[in-house]
Amino acid sequence: MPVAPRDQWYVVHVLSGQEMKVRDNLRRRIQSEEMADLIFEVMVPTERVSEVKGGRKTETNRKFYPGYIIINMHLLDDNNRLVDKTWYFIRETPGVLNFAGAKDRPTPMPKREVDNMLAQIRERGENVVPKIVFEVGDTVIVRDGVFEGQNGTV
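Asks: Looking at this model, I keep getting lost on the overall build of the protein. Mind explaining?
Replies: When helices and strands are tallied, the protein shows three helices and nine strands. The helix and strand sequence of the protein, counted from the amino end, reads β-α-β-β-β-β-α-β-α-β-β-β. Sorting the 154 residues of the protein into buried and exposed places 31% on the buried side. Here the protein has roughly 10,200 Å² of accessible surface; of this, 49% comes from carbon and sulfur atoms.

Okay, structure coming up:
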């Protein structure tokens, strides 16, 4: 049964720490080389996290999958053959290492996994989550304030 082109999501392995740069580069190239009919969306799933550093609260973006980007594209045709134009476009992008999975035969993410990932992204949205989550009964060391250096139990 052929998969609708817009339902083909792939995981692409990129240089660690270069996910945003590769994403931005791909988006620019998609526009300049008129690939929007084959590559629909390029994502780096992230969430906002907060932590206290040096007595100050900071917020940062944390990647769900460091070293990977997720792309919705038409890579396999109705006969399950690679679409060369899309394949080489992605592979020749600076910072792209390979498709996750088989070396010469990437497979789309299962629809269930795609739905779960997109739901997780929507759920977290702009909400800020703590970087470290504590459970009741955890032992902690107080790092700041009047009880600095003392152990405590959550």
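Resuming the write-up.
Asks: So what exactly am I meant to see when it comes to helix α1 (residues 19–32) here?
Replies: Side chains three or four residues apart in an α-helix point the same way, a direct result of the helix having 3.6 residues per turn. Taking 1.5 Å of rise per residue, 14 residues should cover 20 Å, and α1 covers 20 Å from first to last C-alpha, within 8% of that figure. Every buried residue belonging to α1 is among E19, V22, R23, N25, L26, R29 and I30, and all of these are buried. The arc that holds the buried residues of α1, viewed along the axis, is 165 degrees, so those residues lie on one side. Among the exposed residues of α1, those oriented more than 90 degrees off its buried face are K21, R28, Q31 and S32. Buried residues along α1 sit against β1 (9–14), β2 (39–43), β4 (56–63), β5 (68–73), α2 (84–91) and β6 (96–99). Taken from the residues just after α1, E34 is the one with a positive phi, measuring 50 degrees.

Asks: For this particular structure, what's the right way to read the nonpolar core?
Replies: Generally speaking, a soluble globular protein has its nonpolar side chains buried in company with each other. Within the largest apolar cluster, 21 residues are counted, with the highest numbers of intra-cluster contacts made by I39, I69, I71 and I90. Those elements that provide at least two residues to this core are β1, α1, β2, β5, α2 and β6. Each residue touching I90, except ones within four places of it in the same chain, is listed here: V12, L26, I39, I71, M73, V96 and F99. One finds W9, M43, V114 and M117 within the second-largest nonpolar core, a separate group that totals six residues.

Asks: Mind showing me how you'd approach unusual backbone geometry here?
Replies: Negative phi values dominate among residues other than glycine, just as trans dominates among peptide bonds. Look at E34: it is not a glycine, yet its phi comes out positive at around 50 degrees. Position of E34 among the secondary structure elements: in the loop between α1 and β2. Backbone geometry places N80, a non-glycine residue, at a positive phi of 65 degrees. Tracing the chain through its elements places N80 in the loop between β5 and α2.

Asks: What am I meant to see in the sheet that holds β5 here?
Replies: Strands sit in the order β2-β5-β1-β6 across an open sheet of four strands; the sheet is antiparallel. Bordering the open sheet on either side are β2 and β6, each of which pairs with just one other strand. The mean angle between the axes of side-by-side strands here comes to 30 degrees, regardless of whether they run parallel or antiparallel. Where β1 and β5 come together, five bridges link them in antiparallel fashion. Each residue of the ladder has a partner; that of Y10, found in β5, is I71. On top of the sheet, α2 reaches β1, β2, β5 and β6; it is set at about 140 degrees to β6, its chief contact.

Asks: Would you take a moment to explain the packing of aromatic side chains for this structure?
Replies: Counted by the stated rule, this structure contains three aromatic pairs. Ring geometry for Y10 against F99: centres 6.2 Å apart, planes inclined by 80 degrees, an arrangement best described as edge-to-face. Linking Y10 in strand β1 with F99 in strand β6, this pair joins segments that are 89 residues apart in sequence. The buried category is assigned to Y10, whose relative accessible area is 1%. Look at F99 and you get buried, because its relative accessible area is 3%. On the basis of an interplanar angle of 85 degrees and a centroid distance of 6.1 Å, the ring pair of F64 and Y65 is categorised as edge-to-face. A relative accessible area of 34% places Y65 in the partly exposed class. These aromatic residues form a ring-pair network of at least three members: Y10, W87 and F99. A cation over a ring is seen here: R29 above F89, with NZ or CZ 4.0 Å from the ring centre.

Rules behind the numbers
- Residues numbered from 1 in each chain as written.
- Predicted model: local features only at pLDDT ≥ 70, side-chain atom pairs only at ≥ 80, totals over all residues.
- Heavy atoms only, no water.
- Helix = DSSP H or I, 4+ residues; strand = E, 2+ residues; numbered from the N terminus.
- Buried < 20%, exposed > 50% of the residue type's maximum accessible area, 1.4 Å probe, protein only.
- Areas by Shrake-Rupley, 256 points an atom, 1.4 Å probe, with all protein chains shown as cover.
- Expected span 1.5 Å × (residues − 1).
- Arc of directions from axis to C-beta.
- Contact = heavy atoms within 4.5 Å.
- Core = buried A, V, L, I, M, F, W, Y, C linked by side-chain atoms within 4.5 Å.
- Pairing = 2+ DSSP bridges.
- Axes fitted to C-alpha atoms, helices over the stretch in contact; angles between N-to-C directions.
- Phe/Tyr/Trp six-rings, centres within 6.5 Å; stacked < 30°, edge-to-face > 60°.
- Lys NZ or Arg CZ within 6 Å of the ring centre and 35° of its normal.

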